Amino acid sequence: MMNHFMVLAVLLPLRTCYTTYSQQESLVFPVTYLNISKDLALQQLLVEWDVGTSAHDAELAMSFEIQVRRTDVTTTVWTELYNVTLDKSGKPLHWIWDSDLPLECMTHSVRIRSKAEASKIWSQWSLWETVPGLDTSNNNGPQIFPNEKIVEEGSDITLCCIGRKGQIIKEFFLVPAVHVFNHTNSQVRLLTVKNVSHQEVPHITVYCQESCNEEQCYDYAVFLVGKPPDTPNDFSCQTQDMRIVTCTWSQGGDTYLYGQHSPKYTLSEEFSQKPVPCTVSCSEQCSCSWDIGQQRIYNITVTVENPLGKKTATDVFDVTHRIYPAAPFQLWEECTDTDITLYWKHRNRGIELFCQTEVRQPDGKVELHNSSDTHLHYASITLGGLQPYAEYTARVHCAAAKHFWRWSEWSEAQTIRTKEATPSGKLDIWREITPVLGGRNVTLFWKQAPSFRANGRSISYEVTWEKVEGGSKPESISFSSVYNSTRISIDNHSYRFSIMAKNNVNYSLPSVLIIPRATGTEEELSGSELKEEQVNGTDDGIFISWEPRHIYDSYIIDWCNFPMLQPCDLQWKRFGPNTSSALINSAAFVPGVRYNFHIYGSVANRASLLEKKTGYLKELPPLLDPVVEKVELTFNAVTLSWDSYPTNESQSGFVRGYHVYVSPIQEDCSLKGSKKHVLPDASVLCKYTIENPEEKRYTVKHLLSNTKYKLVVKAYTGGGETPIVNFIYIDTPFSSNMLYLLVLLVIVPSLVAAICRWKMKWVKECCCPVIPSPNKSKVLSFKEFKIGSEEVLKISDCIPDMLAVDSNAEAQNIHPWSQLSSMPTEEKIDGHSSSWIYPNEKEERDFTPTPTPQTHTWFENFAYSSHLAVESDPYQIPETLETSKPELSVVLYQPHYYVDIFNEDAASTRRETAGRKASLRYISQTAVHCLGRRL
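These lines cover the structure that appears in this document, whether it is placed above or below. Computed from a predicted model, the values in this text were never measured in an experiment. (Residues numbered from 1 in each chain as written. Predicted model: local features only at pLDDT ≥ 70, side-chain atom pairs only at ≥ 80, totals over all residues. Heavy atoms only, no water.)

### What about the sheet that holds strand 50 (residues 697-700)?
The condition that has to hold: Strands qualify as paired when DSSP identifies two bridges or more between them. Runs of H or I in DSSP of at least four residues are treated as helices and runs of E of at least two as strands, each being numbered from the N terminus. Orientation is described by axes fitted as lines to C-alpha atoms, over the contacting stretch for helices, and by angles from 0 to 180 degrees between their N-to-C directions.
Reading across from one edge, 45-46-50 is the order of the 3 strands in this open sheet, with antiparallel pairing throughout. Each of the sheet's edge strands pairs with one partner strand only, and the pair in question is strand 45 (630-633) and strand 50. With direction set aside, neighbouring strand axes in the sheet form an average angle of 15°. Judged from the 4 bridges that link them, strand 45 and strand 46 (residues 638-641) form a sheet pairing that is antiparallel.

Okay, structure coming up:
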């Protein structure tokens, strides 16, 4: 047999494509042994098999195909190709399969076939080897699997319920309800839960019931949802005194498993192969301590485990390199005004330490000072260059000097105050001078400069003043530390003021200020000779700049934090000779308040006012609108005046000018010379801008007469202006030009029309006389008497109403009734004018006309030619004639032929008649019956 396989091993590498089928068939080694077992704790199938000794002798590379089948399915649930090289030991092969279903739920079967890797032919399948599940057993009731009732968060779990033989599972469900996948047969039911979450379901309760209702037909199980433990973090071991080793680590996140399922920690040492004799305690951190003994090098492993898994962490160390000293204790000090010597004790005897002292200074800064420590019972360090009478806080920690591992904990902090010393530096002094009768009041102010230090427990101030000339005796006064100003009255001479700070040790250096003689120069400069310049504020303060002068050794700016208060809380700030600008800020600065700044130059302790500035941190709109005190109106303009409006420091910003807004009430404005301004309500106003704040009078022109307008005057600053709320309403008067035009266009034409209407009849009679038509007269109805072709009327047949004498002499009234028979026959032919003669009023009343008035005919003469007849006026009744007598006009008419009606027998020829002028004019006649016979 050995020779056979040796020959085969030699021939295999030389194998060609001409290998016969019988040669390949000789490489087939079927499975000769197969055994299956199961690990219910791990839910694993353990498969063991072998192919016979001949394959082992050849040390063949073999391939095995393994299939797994369950009883409830007809197809395989798992197929895997397993490659292995057989050895000559002849040991069986092993394979492990992890089941996703509890092995108790169903019967599992396995079969295997094999082939040599050099061959293409598989062996026959082995027979199915079966491991029965509980579905084949006769239980007393339904059973739920798996038995382990702890589920890892985020995993998938398949549950099964196995019923008794002959019983059908009726219900199988979870509480609370989660998303599950069901798989069922008559006796076994499956539930698969995907991605179990602890936040949603801290535990799962499963219920199972068979088709019956007895007590043995029910079963339930509770499954906890948890997490495996985290790997121990920051695992390290160290010693404080070379006698005890302590290991510490962080325990990690919550596993949601408690009690008997909570994580368990164990420590083991690999070099000694012994468990570490320590007890683990966990609070914020886990720790475990044990005695060192003689061992110096360790390999410590910490293992944490719960039902869902376990994790480990390892630390390898030399104990002499892991010294973690105890914190120093019992600190005490010795000090002077500038030095502190600090002492402390430690427990690490026999270990050389390196210590570090942390010193916190009065200004909050922290300094570290290193020092070496030996084997003494205490250690010390001296700290120098400190401030007198100042508090310092110190603490110490130490570490191993040879093999540094880590610092010890800090000792308790020790607060130490140095001793007192003479005040250092000078006080900062300033003044305010107020002229009074016979002298001046000087208010001195002082404060501690940045370079000044009191250096003592209690401090007081001493002010001294004396005349510069004259050698007068100095005067002095002392103040406690709560005071920072005093008022001193002096005359008009030059004075020297000084101030010193005093503590329990000594006085500081004096600060000197010289007040010059009262010549009026300084007071005048602080008045009208220096013009205030406006400055702008920023978010950080008010920026001040000035023109530097080389003669001054420093500059001072003073101002009042509260300008409206008395006293105003004077503030000042000093600057070096090379400074020409500063940003003045104060917590007291607020928007809308005007602050005044004075810039002084100082030389030899004498100060001179150089410049004046005024400004706002931020300008705001004016507090009050201008009050219009006077309104002057014309038909096309309005003049507004607001003389009393203030532009001084009472305003919340620099008044830059004014805006005048105008608009008619009923419409938007478009006045000439204005700009449109739209209000929030979309209405439009005309806007005029006055850029001079001292100009408090403005005239709005180009208005319409007899129109209603609304106006408002607003002051504006760098912060804008307040919203427009209240208006002034005006009515422009009626224009006189419009009145004149109205008179010319309406009244004059109307008057002319009225006059024309009144004089129309007169004008018509004068310009266009109406010639009466004789044909329409009733006198022509007498047809018996004719001269030629013309009808002739005898005067005796009719009675005229009145007669007129054509003469320049005074007309003579003739009664138509009494004088008709005695009327003279001669005529006055020389006169050309005629006068009308009317019956008087009494005679009119006595005269009674006929009841029925007829038409009236008007004649120029008593004789006329028929062929020149003209239509007469329309008929008029006598009353109408009577009322219109004053309006009668003389109708001028010159006939071609004249007939003497006063003398019937006259034998005048036509030429004579034509050449003779009529002496009488017939006016009118009424329809009365002629007296006598008819012609």
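### Describing the sheet that holds strand 22 (residues 297-306)
Taken in spatial order, the 4 strands make up an open sheet running 19-18-22-23, and their pairing is antiparallel. With one partner strand each, in any of the chains shown, strand 19 (274-275) and strand 23 (309-318) form the two edges of the open sheet. Pairing between strand 22 and strand 23: 10 bridges, direction antiparallel. Across the sheet, the residue bridging to Val304 is Lys311, located in strand 23.

### Examining the pairing of strand 15 (residues 218-226)
Taken together, the 3 bridges between strand 9 (residues 150-152) and strand 15 define a ladder with parallel strand orientation. Looking at strand 15, one finds that Val151 is bridged to Val225. Across 7 bridges, the pairing between strand 14 (residues 203-210) and strand 15 is antiparallel. Residue pairing in the sheet places His203 in a bridge with Leu224 of strand 15.

### Focus: the environment of Val359
What counts here: The buried label applies to any residue whose accessible area, calculated with a 1.4 Å probe on protein chains only, is under 20% of its type's maximum; exposed applies above 50%, and partly exposed to all values in between. Contacts were defined at the residue level, with two residues in contact if any of their heavy atoms lie within 4.5 Å.
Along the chain, Val359 falls in strand 26 (residues 353-360). Given the relative accessible area of 4%, Val359 is considered buried. Residues Val359 and Arg395 lie 36 residues apart in sequence; the distance between their C-alpha atoms is 7.0 Å. Not counting chain neighbours up to four residues away, the residues in contact with Val359 comprise Lys365, Val366, Glu367, His369, Leu383, Tyr392 and Thr393.

### Some remarks on the nonpolar core
Rules: Put simply, buried Ala, Val, Leu, Ile, Met, Phe, Trp, Tyr and Cys residues joined by side-chain atoms within 4.5 Å make one nonpolar core.
Ranked by internal contacts, the top residues of the largest apolar core, which has 25 residues, are Leu45, Trp49, Phe64, Val110 and Ile112. Only strand 1 (33-39), strand 2 (44-50), strand 3 (61-70), strand 5 (93-98) and strand 6 (108-116) provide two or more residues apiece to this core. Leave out the neighbours within four places in its chain, and Val110 touches Leu34, Ile36, Leu45, Val47, Ile66, Gln67, Val68, Leu127, Trp128 and Glu129. Counting residues in each nonpolar core, the second largest holds 22 residues, with Leu444, Ala454, Val463 and Phe479 among its members.

### Overview of the packing of aromatic side chains
So the rule is basically this: Within 6.5 Å between ring centres, the rings of Phe, Tyr and Trp (the latter by its six-membered ring) count as paired, and their orientation is classed by plane angle as stacked under 30 degrees, edge-to-face over 60, tilted in between.
Counting across every chain of the model gives 31 aromatic pairs. Aromatic pair Tyr298 and Phe317: ring centres 5.6 Å apart, planes at 20°, arrangement stacked. Here Tyr298 is found in strand 22, whereas its partner Phe317 is found in strand 23, with 19 residues between them in sequence. Counting every residue linked through ring pairs, the aromatic cluster contains Trp446, Tyr461, Phe479 and Tyr483.

### Things to note about the state of the cysteines
The following threshold applies: Sulfur atoms of two cysteines make up a disulfide when they are within 2.5 Å.
For the coordinates displayed, the defined rule picks out 8 disulfides. Cys105 shares a disulfide with Cys160; S-S distance 1.6 Å. Around the S-S axis, the bridge from Cys105 to Cys160 shows a dihedral of about -80° and counts as left-handed. Placement of Cys105 in the loop between strand 5 and strand 6 and of Cys160 in strand 10 (residues 157-162) is noted, with a sequence separation of 55 residues between them. Comparing Cys105 with Cys160 shows no difference in burial state: the two are buried. Across the disulfide, Cys278 is cross-linked to Cys288 (sulfur-sulfur distance 1.5 Å). Residues Cys278 and Cys288 share a disulfide whose torsion about the S-S bond is about 125°; that sign makes it right-handed.

### As for the environment of Phe173
Among the structural elements, Phe173 can be located in strand 11 (residues 169-175). Relative accessible area serves as the criterion here: at 36%, Phe173 is assigned to the partly exposed category. With 17 residues separating them along the chain, Phe173 and Leu190 place their C-alpha atoms 9.7 Å apart. Discounting chain neighbours no more than four positions away, the residues touching Phe173 are Leu191, Thr205, Val206 and Tyr207.

### Things to note about the side chain of Glu65
Summarising the element assignment, Glu65 is placed in strand 3. The contact partners of Glu65, leaving out residues within four places of it in the chain, are Thr79, Glu80, Leu81, Arg111, Ile112, Arg113, Trp122 and Trp125.

### Topic: the pairing of strand 17 (residues 244-250)
Examined bridge by bridge, strand 16 (residues 233-239) and strand 17 share 5 bridges and lie antiparallel to one another. The residue of strand 17 that forms the bridge with Cys237 is Cys247. Counted between consecutive antiparallel strands, the loop separating strand 16 from strand 17 contains 4 residues, among which Met242 sits at a positive phi close to 65°. Where strand 17 lies against strand 21 (residues 286-291), 6 bridges are found, and the strand directions are antiparallel. Note that in strand 21 the partner of Thr248 across the bridge is Ser287.

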